[in-house]
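# Structural characterization, general
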Amino acid sequence: MRPEIYQRYLQILHEEVVPALGCTEPIAIAFAAAWAKKLLGTLPERLMVQASGSIIKNVKSVIVPNTGHLKGIEAACAAGVIAGDTDAELEVLSGLREDQIPEIKKYMDAVPITVSALSGGPVFNLIVTAFSSEDVARVQIADHHTQIVLLEKNGEVLFQKDLEDPSQTANRDWMSVEGIWEFITELDIADVSGLFDKVISCNMAIAREGLLGNYGANVGSTLLYTYGDGMYNRAKAYAAAGSDARMDGCELPVYINSGSGNQGIVCSVPVIICARELGICKDQLYRALALSNLIAIHEKTGIGTLSAYCGAVSAGAAAGAAIAYLSGGGYKEVAHTLVNAVAIDSGMICDGAKASCAAKIASAVDAGIFGFLMYQRGQEFLDGDGIVVKGVENTIRNVGRLGREGMRGTNEEIIRMMTGD
């Protein structure tokens, strides 16, 4: 592999696999609100939140961490104003103190926070405007959860950045499963060991917490109780439990993938569970984690930041590919596992962040594992089976087209259902 391509894959890993506390859409709102207060220079007397429909969908039903179990856009906005640390980015609420929790609720009750939908523009588009008696401050975030594209005070533009291509394909269309395979086989472990040690520690911690506590619908613990302690069921159960905890406001961070904590959990926890059960050395586990995370990013690049296509599907397929690798598979096994998995679960919709995400994660991980087990027995879905076409890259392109274009109307209808329109 050419050194510059190696470095590009490495850079993508370090850009996309980063820590976050809480579901990333409400955290983006908290981050924008914290910035708006910072620009205003005082506690806002009124706030206006304008967000694209997909953001509203993903914030509506999820608990905001460190807030005493509050949920929704207003809670995220108030938490960011009261205790947000702009320097912490996706961990913007990590420093929130227990004595500040009553202040958040008091602020929500006292201060008008209006919410409206943005039409047109990027799928991920967020504007928070803060008002005092004398000043107005505006912050816009677009395309990525912490990408500020506008800072404005009293009509004066303090910072502005051109929006990126919403498809994000312009700078990543060179990625391929074959290239990712080449990268992980040549990977210098020292380049990723620090990152993946944190991934293993954080993401397994929230998975264990999800099994120990009473979170959401307790999908993870129900899977263990119902189907037992076998390796593959534990892979599903631990991943689901991480989502159980995260969706219900657990105050533990996770390492995300493609802007999503649930996808970060799926790309890591099942792979770690299987590696430990199989007695895999840590170096090979690092390579497997690089494989699953990069494949998920590659799939998600074509789909876009937010979609009606459930992101757990692409992450589950990537985890299945990494499990194929841990089980002795080569490039052929990885590619065919990936195609099998997306053929199984690609109809699963995203209807926002909430408790049922854990069950969708279990389904997606199961599809990834079953995709591998199918190919292990010489079975596969073939060219012409629905959206499957010959060649893994061609199938990934179809998945991207389905998620980005085909499900656009589905996403709009889901948002209307969830908002009562």
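Calculation notes
- Residues numbered from 1 in each chain as written.
- Predicted model: local features only at pLDDT ≥ 70, side-chain atom pairs only at ≥ 80, totals over all residues.
- Heavy atoms only, no water.
- Phe/Tyr/Trp six-rings, centres within 6.5 Å; stacked < 30°, edge-to-face > 60°.
- Helix = DSSP H or I, 4+ residues; strand = E, 2+ residues; numbered from the N terminus.
- Buried < 20%, exposed > 50% of the residue type's maximum accessible area, 1.4 Å probe, protein only.
- Lys NZ or Arg CZ within 6 Å of the ring centre and 35° of its normal.
- Pairing = 2+ DSSP bridges.
- Salt bridge = Lys/Arg side-chain N within 4 Å of Asp/Glu carboxyl O.
- Contact = heavy atoms within 4.5 Å.
- Axes fitted to C-alpha atoms, helices over the stretch in contact; angles between N-to-C directions.
- Parallel < 35°, antiparallel > 145°, perpendicular 65-115°, else oblique.
- Left-handed = near helix turned anticlockwise from the far one by under 90°.
- Nonpolar A, V, L, I, M, F, W, Y, C, P; charged D, E, K, R; others polar.
- pLDDT = per-residue confidence, 0-100.
- Expected span 1.5 Å × (residues − 1).
- Arc of directions from axis to C-beta.
- Polar contact = N/O pair within 3.5 Å; in protein donor to acceptor, adjacent residues only side chain to side chain.

### Regarding the packing of aromatic side chains
Aromatic ring pairs are reported here in terms of the distance separating the ring centres and the angle at which the planes meet. The final tally for this structure, using the stated rule, is four aromatic pairs. Centroid distance Tyr9 to Trp174: 4.8 Å. Interplanar angle 65 degrees. Geometry classified as edge-to-face. Here the residue Tyr9 occupies a position in helix 1 (residues 3–16), and Trp174 occupies one in the loop between strand 7 (156–160) and helix 6 (177–186), the gap between them amounting to 165 residues. Look at Tyr9 and you get buried, because its relative accessible area is 1%. Residue classification places Trp174 among the partly exposed positions, given a relative accessible area of 21%. Arranged with centres 5.5 Å apart and planes meeting at 40 degrees, the rings of Tyr9 and Phe183 form a pair that is tilted. With Tyr9 in helix 1 and Phe183 in helix 6, the pair connects residues that are 174 residues apart, well separated along the chain. Residues Tyr9 and Phe183 agree in their burial class; the two are buried. The residue whose ring lies beneath Arg8 is Trp174, and the NZ or CZ to ring-centre distance is 4.3 Å. The ring of Trp35 is capped by Lys38, whose NZ or CZ atom sits 4.5 Å from the centre of that ring.

### Comments concerning the pairing of strand 5 (residues 136–142)
Burial within strand 5 is extensive, with five of its seven residues counted as buried. In the sheet, strand 4 (residues 125–131) pairs with strand 5 via seven bridges, with the strands oriented antiparallel. Looking across to strand 5, one finds that Val128 is bridged to Val139. Hairpin connection of strand 4 to strand 5: four residues between the antiparallel strands. Both strand 5 and strand 6 (residues 148–153) contribute to a ladder of five bridges, which runs antiparallel. When the bridges of strand 6 are listed, Arg138 appears paired with Glu152. Counting the residues in the hairpin turn of strand 5 and strand 6 gives five residues, including Asp143, whose phi is positive at 70 degrees.

### Points about the pattern of salt bridges
Applying the stated criterion across every chain, the model contains 15 salt bridges. Close ionic contact of Asp229 with Arg234 constitutes a salt bridge, the shortest N to O distance being 3.4 Å. Residue classification places Arg234 among the buried residues on the basis of a relative accessible area of 14%. Residue Asp351 pairs with Lys354 through a salt bridge whose shortest N-O separation is 2.6 Å. Through salt bridges with shared partners, a single ionic network connects Glu15, Glu16 and Arg172.

### Digging into the side chain of Ser243
By secondary structure assignment, the location of Ser243 is in helix 9 (residues 231–247). Dropping the residues within four chain positions of it, Ser243 is found in contact with Asn262, Ile265, Cys357, Ala358 and Ile361.

### Brief notes about the environment of Ile280
Looking at where Ile280 falls in the secondary structure, it is placed in the loop between helix 10 (261–278) and helix 11 (282–303). Expressed as a C-alpha distance, the spacing of Ile280 and Ser327, which sit 47 residues apart in the sequence, is 9.2 Å.

### Let's talk about the packing of helix 13 (residues 331–345) against helix 15 (residues 392–406)
Helix packing for two helices is described by the angle between their axes and how far apart those axes are. Taken N-terminus to C-terminus, the directions of helix 13 and helix 15 make an angle of 30 degrees; their axes are 10 Å apart at the nearest point. What the angle tells us is that helix 13 and helix 15 run roughly parallel. Taken as a pair, helix 13 and helix 15 cross one another with a handedness that is left-handed. Across from Tyr331, Ala335, Leu338, Val339 and Val342 in helix 13, the residues of helix 15 making contact are Val392, Thr395, Ile396 and Val399. Residue composition of the contact of helix 13 with helix 15, by class: eight nonpolar, one polar and no charged.

### Observations regarding the packing of helix 8 (residues 219–227) against helix 9
Closest axis-to-axis distance for the helix 8/helix 9 pair is 6 Å, and the angle between their directions is 155 degrees. Taken together, the axes of helix 8 and helix 9 lie roughly antiparallel to each other. Facing helix 8, whose interface residues are Val219, Gly220, Leu223, Leu224 and Tyr227, helix 9 presents Asn233, Arg234, Lys236, Ala237, Tyr238, Ala240, Ala241 and Asp244. Classifying every residue of the contact of helix 8 with helix 9 by side-chain character gives eight nonpolar, two polar and three charged.

### Details of the confidence of the model for the chain
Across the chain, the average pLDDT comes to 95, with 98% of residues at or above 70. Note on residues 166–170: pLDDT is under 50 here. Beyond four places in sequence and across chains, it has ten contacts.

### Regarding helix 15
With 15 residues, helix 15 should reach 21 Å at 1.5 Å per residue; the first-to-last C-alpha distance of 20 Å fits that figure. Of the positions making up helix 15, those classed as buried are Val392, Glu393, Thr395, Ile396, Val399, Gly400 and Gly403. Along the axis of helix 15, the buried residues cluster in a sector spanning 160 degrees; they form a single face. Summarising the geometry of helix 15, the exposed residues directed more than 90 degrees from the buried face are Arg397, Arg401 and Gly406. Buried positions along helix 15 lie against helix 6, helix 11 and helix 13.

### Observations concerning helix 10
With 18 residues, helix 10 extends 26 Å from end C-alpha to end C-alpha; this agrees with the ideal 26 Å at 1.5 Å per step. You can read the cap of helix 10 off the contacts: a side-chain oxygen lies 3.3 Å from the backbone nitrogen of Asn262, and it is on Ser260. Directly beyond the C-terminal end of helix 10, a positive phi value near 70 degrees is found at Gly279.

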